[in-house]
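Fold and contact review
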Amino acid sequence: MEIWINPACSKCRSAVSLLDAEGAEYTVRRYLEDVPAPAEIRAVLDRLGLEPWDITRTQESEAGELGVRGWPKDAASRERWITALAEHPKLIQRPIITAQDGSAVVARSDEAVRDALGR
């Protein structure tokens, strides 16, 4: 199990605390420092069953500068979104937990963290 976190994020700290409380074995990836490559983002999206626009933090100032809110959300634009996430990792929703069964969850709630633990 791996969790992508930003240590400054309260939801990330809460998810890590819950994993610790449950005695889970996991690896922390500080994705702002250890930036995922486009191929890793594609793999996590496949595990999540989501599209890149589903995990993009559109309220971030970088998103506004890039104008992502106006980008099409279609198959032809998918790589553009993935490239933006790789080049601007602050735009990636957090935390993301990759579960043991090959799936992943955006773990913004205790329930989502527990769901990942049960997989």
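Note that the coordinates shown come from a computational prediction; the quantities given were computed from them, not determined experimentally. Numbers given to residues run from 1 along each chain, matching the order in which its sequence is written. Under the rules for a predicted model, residues below a pLDDT of 70 receive no local features and side-chain atom pairs below 80 are neither given nor counted, while totals for whole chains, interfaces and linings still include all residues. Side-chain calculation: all heavy atoms of the structure are included, whereas hydrogens and water are not.

**Topic: the pairing of strand β1 (residues 2–5)**
A pair of strands is treated as paired once DSSP finds two or more bridges between them. The helix count covers DSSP runs of H or I at least four residues long, the strand count covers runs of E at least two residues long, and both are numbered beginning at the N terminus. Note that β1 and strand β2 (residues 27–30) share four bridges and pair parallel. Residue pairing for β2: I3 is matched across the bridge by V28. When the strands point away from the viewer, a crossover counts as right-handed if the route from the first strand across the helix to the second turns clockwise. For the handedness criterion, the β-α-β arrangement of β1, helix α1 (residues 10–21) and β2 is classed as right-handed.

**Notes on the environment of V44**
Counting through the fold element by element, V44 comes out in helix α2 (residues 38–48). Summary of the burial criterion: residues with accessible area below 20% of their type's maximum are buried, those above 50% are exposed, and those between are partly exposed, where the area comes from a 1.4 Å probe applied to protein chains only. Residue V44 is classed as buried on the basis of its relative accessible area of 6%. Sequence separation between V44 and R80 is 36 residues, and the spatial gap between their C-alpha atoms is 16 Å.

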